[in-house]
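So the chains spell out like this:
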Amino acid sequence: WEFNGSFHQPSAFLMMGIPGLEALHPWISIPFCALYLTALVGNCVILFIIRRTPSLQEPMYRFLAMLAVTDLGLALCTLPTTLGLFWFNARRIGFDACLTQMYFIHILSFIESSVLLAMAFDRFIAISHPLRHPAILTEATVLKIGLAIVLRGTVSLLPIPFLLKRLSYCGRRELSHSFCFHPDIMNLACADIKVNVFYGMIVLLSTVGMDFIFIVLSYVLILRTVVSLTTKEESLKALNTCVSHICAVLVFFIPMIGLSMIHRFGKSHVPPLVNTVVAYTYLLIPPALNPVIYSIKSTHIREALLRALCRKRG
């Protein structure tokens, strides 16, 4: 290993695939390729449909477009290292390249969390105050929310790479995954990481943690409104508009919380295979499933997709 400067930074880390199944990596890459292809094609289709369909120029679908862009970014962040490892056993990743990948993975994860919160707010306004919805969530307001989401994620995570660069690394150089994750890199250091742990926890709780709390609160208020509706048909219609979003929230937050808990509190007690499965579920399943969920559950998306296919065939 080569070291740079007085802080003993390694020139590279070694990424891990699926422990115990290294010989099967070429075969395991097949479902991974399918997931990446679904994520890339599905989210591009969602963006194309929203862009080309005038009836979808509403806050709900603008937030869905933000979600699709974020999912595309997440898929593209991990695709080169994951498939490179499975296909060519390319385990080595440079120190600075690892920090860059880690930074963008975490930024995009935080952005996705914030977009899901914005979508929950949109559903609350649409159900609880339908007449005021167009006036509250104007195009300018949606744009400001999008910019605030990106700014919050970028600024809150900006110190993380510098906090990692100040540490000394010695001994193990093997990461737990085929991508770079902040707690994973941090735990390879042979220096005091209390500042990293504290800052990482504060940022996680103040962003993703608060987002999740406000999403739950939004649905409590939505349920109160739905219960007060006069007919059962109205209640079911209102709830049906939230099904896709609820699925997206569960698919994103459950594996993310699980992975964070494993890395921070229980990594030594959890089998490596479980850790790996949770990590890939967190980064691959939401980008692949979200366009499928919205294509199936959203009547407007489905109809626009069918019209686009019919025009192409014609």
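About the criteria used
Residues numbered from 1 in each chain as written. Predicted model: local features only at pLDDT ≥ 70, side-chain atom pairs only at ≥ 80, totals over all residues. Heavy atoms only, no water. UniProt positions renumbered as here; feature names shortened; annotations may be inferred. Helix = DSSP H or I, 4+ residues; strand = E, 2+ residues; numbered from the N terminus. Rg over C-alpha atoms; globule rule 2.2 N^0.38 Å. Contact = heavy atoms within 4.5 Å. Areas by Shrake-Rupley, 256 points an atom, 1.4 Å probe, with all protein chains shown as cover. Salt bridge = Lys/Arg side-chain N within 4 Å of Asp/Glu carboxyl O. Buried < 20%, exposed > 50% of the residue type's maximum accessible area, 1.4 Å probe, protein only.

The chain is annotated in an unreviewed UniProt entry as Olfactory receptor of Panurus biarmicus. UniProt, in its Sequence similarities (unreviewed entry) section for the chain, records the words "Belongs to the G-protein coupled receptor 1 family."

Engineer: Hey, could you go over the overall build of the chain for me, with residue numbers and the actual values?
Structural biologist: Check the secondary structure of the chain and you find 12 helices and four strands. Radius of gyration (C-alpha) of the chain: 21 Å, near the 20 Å computed for a compact globule of 314 residues. Put simply, of all contacts in the chain between residues at least 6 apart along the chain, 79% involve residues at least 24 apart. Summing over all exposed atoms, the chain offers an accessible surface of approximately 15600 Å²; the carbon and sulfur share of this is 72%.

Engineer: Quick rundown of the pattern of salt bridges? Include the residues and the values.
Structural biologist: Within the structure shown, the criterion is met by five salt bridges. Across the pair Glu174 and Arg91 runs a salt bridge whose closest N-O atoms are separated by 3.2 Å. Of this pair, Glu174 sits in the loop between helix H6 (159-165) and helix H7 (182-186) while Arg91 is found in the loop between helix H2 (59-88) and strand S4 (92-94), placing the two residues 83 residues apart along the sequence. Judged by relative accessible area, which is 25%, Arg91 ranks as partly exposed. The partner of Asp211 in a salt bridge is Arg152, and the shortest N-O contact between them spans 2.7 Å. Linking Asp211 in helix H8 (residues 194-228) with Arg152 in helix H5 (residues 139-157), this pair joins segments that are 59 residues apart in sequence.

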